[in-house]
Amino acid sequence: MEGQPHAFQVYLRLRPPYHQSTPRKSHSEPFLTILPPVPTASDQDQDTESGTKTQVTIHPPSHHRSQKIETFSFTEVFEETCGQVEVFGRIVAPILDGVLKDGRDGMLATLGVTGSGKTHTILGNRQARGMTQMALDVLFRSLGDKISKLSESQIEQCNDAEAEIMNAEAFMTRVTSVIEPQQIPKPNAFPTKPSVDPYVVQCPGPASTKYAILMSIYEVYNDRIFDLLAPSNAARRKALLFKSTKTSGDRKVVTGLRKIMVTNLYDALQVLGVGQYQRSHGETGSNDKSSRSHCFITLELKKLKKSRLDGSTKIKESTFTIVDLAGSERARNAKTVGDRLAEGGHINKSLMFLGQCLELSTTQSLGHAPKVPYRQSKLTELLFTNSYNPAAEPQIAAIIVTADPAGDFNATSQMLKYSALAKSSVNPRPPTVMSGRSVSGSSLFSHFSVVSGSTEERPDSSLSALSVVSGGPRAMLSQDMMNMIVLLQRQVREADERAREAEKRAEEADARCLEIEMQVREEVTSDMERRIGLMERQMLFKLQDQAEKEEMHVDHKLDILKRTLMETNDENDRARDVEIEEYVRELEAENNSLRNEVQALKRKRANGESPLKERSLNRLKF
Ligand SMILES: Nc1ncnc2c1ncn2[C@@H]1O[C@H](COP(=O)(O)OP(=O)(O)OP(=O)(O)O)[C@@H](O)[C@H]1O
């Protein structure tokens, strides 16, 4: 076996065969076998076989060009029949123990080919809770009445990542104004009771020690980080920054996250439901509901310890991060096009970098490897610096590699290669000569292929065995026979040499194919981005054009309106002027007649007549 343990605990979980009602999208015969546990000294004493299964072998399908049988070692291998509760008890419970009791950071991630059961392990289904629901259950059961909320000043004290911290009730009110409540998975969509006695961690400390729990959920989609608890229109989603802050030093943190203060399991499951609903999913040829992003569920535990001296509160923080990685996929199997293909390209690229980091972190532990290049993608940066930093003890991290023993052989073997703690391989031995007096050329050939590698041009020592099985002493072999054997040995060596060459070339071609596949994906992605950019620009021009035309149209209409108004005003003015002139003329006429009347009266008075009397008489005449 080559290699040394990773800094991670790496578990292998095999998924059960697809049910008839949910047939597998691509069929193959099971190629993966679990090896029996390595017997311990006590097993040997008692002649029993117990212990932990840690190894699997993979046998390539008969049509595969390489028939190499490979063996992979893991911390533990979980068989197809293993349920969620058992996996939780063996892997997650010890991590939670460390987080709760010792204040350590913990991380759990699932890694595997698409459809192998990563999301099932993390989030479960209607029949069985996932690791996340069980972890939340244990957390709330263990903390009980020690759970509290953070005060405003405590929020100030521990929030260095520009987070928006809010209560679960306020959060749900806000969310249900954006998302239809019935679309959010309900907490009771999962079994409400665990199928075994709930596991509880005894948390040390006086009764005055309280704990606050902050929950955040985000995804890495196409190498960008998005908050899943801040629902918004897909087009307006704003990527979050991953940067170092005043208090984080060199370590980067995701800033601007919405963090929900949860005080009970129901609220936490509601928040989880929102994150689940918001996560990017899509149907592919390999999985009906395939995760198209890497999802991070973070539970921040704030231990609030009151000082007996001055009554101040000290906050100690530990984080448990659960990561459901998107699955690697072959575009050919996944039958993806367009957006799905571009997503697949990003997923595979980030997983390729993760694979490199995992392999290098193994060799780094031996002290002769270059630094782990985790800065190549957001995913590796988050996993290696944020969620789990192997350099910064004390942390506990486990990866559950999920695999379908009858799934895609190439993809699964690739996944096992870079995630296993150790691996070895053997070329299979062709059938050996068993018995019989006559030894045919072909059986000789196959027999000698096993011992090829000898450079000496003479029948090797295994000939003694041959002479025995063929029934006669070695001396009885004729010179011709000996020559034929030497000739055959040489031919076998040459054939072996050629096979090795061919295998090497095939491996190189494989690597090249992978490279080309990556290049094509990248080209398709950048081509699509270019096209989208072009379409956006064209659309923008069109909109600008339209806006200008509309503006001109409105201007024109305004002009017409103005003119009409002015004309109307003019006409009105003219009519009024005529009216006034007429009125003035009337008044002037009346004025003149009055003036004439006054003159006449004056004249009569001057002549000694009584104008008033005459006027009265005139009136009487009427
Ligand atoms: N251990 C298991 N027991 C029962 N059902 C399982 C198990 N593992 C997976 N499944 C079922 O198989 C289907 C695919 O699993 P899942 O969606 O978890 O795959 P995945 O690895 O997350 O895929 P992807 O990367 O495409 O998201 C689901 O219907 C799931 O319920």
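Keep in mind that this is a model prediction, so the values were computed, not measured.

### Structural notes on the nonpolar core
Thought 1: In terms of nonpolar packing, the biggest core is built from 56 residues, with Leu108 and Phe320 touching the most fellow members.
Thought 2: When residues of this core are assigned to their parent elements, the largest contribution, 9 residues, is made by helix H2 (residues 84–102).
Thought 3: If we skip the residues at most four places from it in the chain, Leu108 touches Ile91, Val92, Ile122, Met131, Phe320, Thr321, Ile322, Val323, Ala398 and Ile400.
Thought 4: By size, the runner-up hydrophobic cluster in this structure holds 48 residues, among which are Phe74, Ile225, Leu240 and Leu358.

### Some remarks on the site of the ligand
Thought 1: Residues in close proximity to the ligand total 16 residues, the closest being Arg15, Thr114, Lys118, Ser290 and Ser291.
Thought 2: Taking Gly115, its main chain carries an N or O atom lying 2.8 Å from an oxygen atom of the ligand.
Thought 3: Gly117 places a polar main-chain atom, nitrogen or oxygen, 3.0 Å from an oxygen atom of the ligand.
Thought 4: Protein contacts shield 79% of the accessible area of the ligand, which totals 630 Å² for the unbound molecule.
Thought 5: Elements represented by at least two residues in the shell around the ligand include exactly helix H3 (118–123) and strand E14 (290–291).
Thought 6: Looking at the shell around the ligand element by element, the count peaks at 3 residues for H3.

### Topic: helix H4 (residues 131–143)
Thought 1: Here H4 contains 13 residues, and its C-alpha end-to-end distance of 18 Å stays within 8% of the 18 Å for a straight helix at 1.5 Å per residue.
Thought 2: Counted residue by residue, H4 has 12 buried out of 13 residues, so it is predominantly covered.
Thought 3: Residues Met131, Thr132, Gln133, Met134, Ala135, Leu136, Asp137, Val138, Leu139, Phe140, Ser142 and Leu143 constitute the buried set of H4.
Thought 4: Once H4 finishes, Gly144 follows within two positions and takes phi at roughly 50°, a positive value.

### Section: the UniProt feature "binding site: ATP" (unreviewed entry) in the protein chain
Thought 1: Within this numbering scheme, the UniProt entry marks Gly112, Val113, Thr114, Gly115, Ser116, Gly117, Lys118 and Thr119 as carrying the feature "binding site: ATP" (unreviewed entry).
Thought 2: Counting through the fold element by element, Val113 comes out in the loop between strand E6 (105–112) and H3.
Thought 3: In this structure, Thr114 sits in the loop between E6 and H3.

### Comments concerning the packing of H4 against helix H7 (residues 265–278)
Thought 1: Here H4 crosses H7 at 155°, and the two axes come no closer than 10 Å. The pairing of H4 with H7 is recorded here as roughly antiparallel in orientation. By crossing handedness, the relation of H4 to H7 is classed as right-handed. Contacts between H4 and H7 involve Thr132, Gln133, Leu136, Asp137 and Phe140 on the former and, on the latter, Leu265, Ala268, Leu269 and Leu272.
Thought 2: Its residues assigned to classes, the contact of H4 with H7 shows 6 nonpolar, 2 polar and 1 charged.

### Thoughts on a nonpolar patch on the surface
Thought 1: Judged by side-chain polarity, Val554, Leu558, Leu561 and Leu565 come together as a nonpolar surface patch covering roughly 380 Å² of accessible area.
Thought 2: Residue position: Leu561 is located in helix H14 (residues 479–606).

### A short note on the environment of Tyr11
Thought 1: Considering the arrangement of structural elements, one finds Tyr11 in strand E1 (residues 9–14).
Thought 2: For Tyr11, a relative accessible area of 9% gives the class buried.
Thought 3: Sequence separation between Tyr11 and Arg90 is 79 residues, and the spatial gap between their C-alpha atoms is 10.0 Å.

### Description of the packing of aromatic side chains
Thought 1: Enumeration over the complete set of coordinates arrives at 3 aromatic pairs.
Thought 2: Both rings, one in Phe31 and one in Phe409, keep their centres 5.1 Å apart while their planes meet at 85°; by these two values the pair is edge-to-face. Residue Phe31 is found in the loop between E1 and strand E2 (32–34), and its partner Phe409 is found in helix H11 (residues 409–419); the two are separated by 378 residues along the sequence.
Thought 3: Exposure remark for Phe409: the relative accessible area of 10% places this residue in the buried category.
Thought 4: Ring geometry for Tyr218 against Phe296: centres 5.2 Å apart, planes inclined by 5°, an arrangement best described as stacked. Taken together, the residues Tyr218 in strand E8 (residues 210–221) and Phe296 in strand E15 (residues 294–306) connect sequence positions 78 residues apart.

### Observations regarding a positive patch on the surface
Thought 1: A cluster of basic residues, Lys305, Arg308, Lys314 and Lys316, forms a positive patch at the surface.
Thought 2: Turning to its location among the elements, Arg308 is positioned in the loop between E15 and strand E16 (313–324).

### Structural notes on the pairing of E16
Thought 1: Pairing geometry for E6 and E16, over 5 bridges, is parallel. The residue of E16 that forms the bridge with Gly106 is Phe320.
Thought 2: Examined bridge by bridge, E15 and E16 share 12 bridges and lie antiparallel to one another. The residue of E16 that forms the bridge with Cys295 is Asp324.
Thought 3: Connecting E15 to the antiparallel partner E16 that follows it, the hairpin turn spans 6 residues, and Gly311 within it adopts a positive phi of roughly 75°.

### Observations concerning a negative patch on the surface
Thought 1: Together, Asp577, Glu579, Glu581, Glu582, Glu586 and Glu590 line one region of the surface with negative charge.
Thought 2: By secondary structure assignment, the location of Glu586 is in helix H14.
Thought 3: The class of Glu586 is exposed, set by a relative accessible area of 52%.

The rules behind the values
- Residues numbered from 1 in each chain as written.
- Predicted model: local features only at pLDDT ≥ 70, side-chain atom pairs only at ≥ 80, totals over all residues.
- Heavy atoms only, no water.
- Core = buried A, V, L, I, M, F, W, Y, C linked by side-chain atoms within 4.5 Å.
- Buried < 20%, exposed > 50% of the residue type's maximum accessible area, 1.4 Å probe, protein only.
- Helix = DSSP H or I, 4+ residues; strand = E, 2+ residues; numbered from the N terminus.
- Contact = heavy atoms within 4.5 Å.
- Near = heavy atom within 4 Å.
- Polar contact = N/O pair within 3.5 Å; in protein donor to acceptor, adjacent residues only side chain to side chain.
- Areas by Shrake-Rupley, 256 points an atom, 1.4 Å probe, with all protein chains shown as cover.
- Expected span 1.5 Å × (residues − 1).
- UniProt positions renumbered as here; feature names shortened; annotations may be inferred.
- Axes fitted to C-alpha atoms, helices over the stretch in contact; angles between N-to-C directions.
- Parallel < 35°, antiparallel > 145°, perpendicular 65-115°, else oblique.
- Left-handed = near helix turned anticlockwise from the far one by under 90°.
- Nonpolar A, V, L, I, M, F, W, Y, C, P; charged D, E, K, R; others polar.
- Patch = residues over 30% accessible without salt bridge, like charges linked within 9 Å, V, L, I, M, F, W, Y side chains within 5 Å.
- Salt bridge = Lys/Arg side-chain N within 4 Å of Asp/Glu carboxyl O.
- Phe/Tyr/Trp six-rings, centres within 6.5 Å; stacked < 30°, edge-to-face > 60°.
- Lys, Arg positive; Asp, Glu negative; His and termini not counted.
- Charge placed at Lys NZ, Arg CZ, Asp CG, Glu CD.
- Pairing = 2+ DSSP bridges.

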